[in-house]
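# Structural characterization, general
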Amino acid sequence: MAHSLKDKRSVISGLIRRLRQRFNVSVSEVAHNDAWQQAEIAVACVSNSGRVVESTLQKIVECFDAVPELAVVRVDREID
C-alpha cells in the first residue's frame, strides 16, 4: 500500500513498464494522477484475434493481482 504520491508513482510506473515490456501493449495511468490512494490504468491491445486479446488481457489482470501493493477494484473490458 502506498503511503504517499511518490510511493504510488513508483509502484505504478514499475507495473506499467513491466506490462509494456512483457506484453507489448499500450498502458497509461488515465485518472487520479494526483491522488495517492487510487489509480486508474488503461491497457490497449491490438490483434487480429479476439481470443489472443482476451488471453493477453487475462494475463495482465493476473499481473495486477500479483502486486501486493495493489487492490484491483474493477476491471472493464471492451473488445471490438
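The next point concerns the overall build of the protein. A count of helices and strands for the protein gives 2 helices and 2 strands. For the protein, the sequential pattern of α-helices and β-strands runs α-β-β-α. For the protein, the C-alpha radius of gyration of 13 Å lies close to 12 Å, the compact-globule estimate for 80 residues. Overall size of the protein, expressed as C-alpha extent along the three principal axes, is 40 × 20 × 15 Å. Long-range contacts, defined here as pairs at least 24 residues apart, represent 47% of the contacts in the protein between residues at least 6 apart. Total accessible area computed for the protein in this model is approximately 5,900 Å², and 47% of it derives from carbon and sulfur atoms. Of note, the protein has its 11 positive side-chain charges centred 7 Å away from the centre of its 11 negative side-chain charges.

For the rest of this paragraph, the subject is the pattern of salt bridges. Scanning all chains against the criterion turns up 4 salt bridges. One salt bridge in this structure joins Glu29 and Lys8, with 2.7 Å as the shortest N-O distance. Of this pair, Glu29 sits in strand S1 (residues 26–31) while Lys8 sits in helix H1 (residues 5–23); the two residues are 21 residues apart in sequence, bridging distant segments of the chain. On the accessibility criterion, Glu29 (17% relative accessible area) is buried. The buried category is assigned to Lys8, whose relative accessible area is 4%.

To continue, consider the nonpolar core. Ranked by internal contacts, the top residues of the largest apolar core, which has 13 residues, are Leu15, Leu19, Phe23, Val25, Val27, Ile60 and Phe64. Of all the elements in the fold, those that place two or more residues in this core are H1 and helix H2 (50–65). With near-sequence residues (within four places) excluded, Val25 lies in contact with Leu19, Arg20, Val43, Ala44, Cys45, Thr56 and Ile60.

Moving on to the state of the cysteines. Tallied over the full model, the rule gives 0 disulfides. Between Cys45, a free cysteine, and Cys63, which holds the nearest cysteine sulfur, the sulfur-to-sulfur gap is 13 Å. Note on Cys45: relative accessible area 22%, which makes it partly exposed.

Next up on the list: the side chain of Lys8. Here Ala35 takes part through its backbone oxygen, which lies 2.9 Å from a polar atom of the side chain of Lys8. There is a polar contact of 3.0 Å between the side chain of Lys8 and the backbone oxygen of Gln38.

For H1, with 19 residues, the first-to-last C-alpha span of 26 Å sits near the 27 Å given by 1.5 Å per residue. When H1 is considered as a whole, its buried residues turn out to be Lys8, Ile12, Gly14, Leu15, Ile16, Leu19 and Phe23. Contact partners of the buried residues in H1: S1, strand S2 (40–44) and H2. Positive phi shows up at Asn24, right after H1, with a value of about 55 degrees.

About the thresholds
- Residues numbered from 1 in each chain as written.
- Predicted model: local features only at pLDDT ≥ 70, side-chain atom pairs only at ≥ 80, totals over all residues.
- Heavy atoms only, no water.
- Helix = DSSP H or I, 4+ residues; strand = E, 2+ residues; numbered from the N terminus.
- Rg over C-alpha atoms; globule rule 2.2 N^0.38 Å.
- Contact = heavy atoms within 4.5 Å.
- Areas by Shrake-Rupley, 256 points an atom, 1.4 Å probe, with all protein chains shown as cover.
- Lys, Arg positive; Asp, Glu negative; His and termini not counted.
- Charge placed at Lys NZ, Arg CZ, Asp CG, Glu CD.
- Salt bridge = Lys/Arg side-chain N within 4 Å of Asp/Glu carboxyl O.
- Buried < 20%, exposed > 50% of the residue type's maximum accessible area, 1.4 Å probe, protein only.
- Core = buried A, V, L, I, M, F, W, Y, C linked by side-chain atoms within 4.5 Å.
- Disulfide = S-S within 2.5 Å.
- Polar contact = N/O pair within 3.5 Å; in protein donor to acceptor, adjacent residues only side chain to side chain.
- Expected span 1.5 Å × (residues − 1).

Just distances and angles here, no functional claims.
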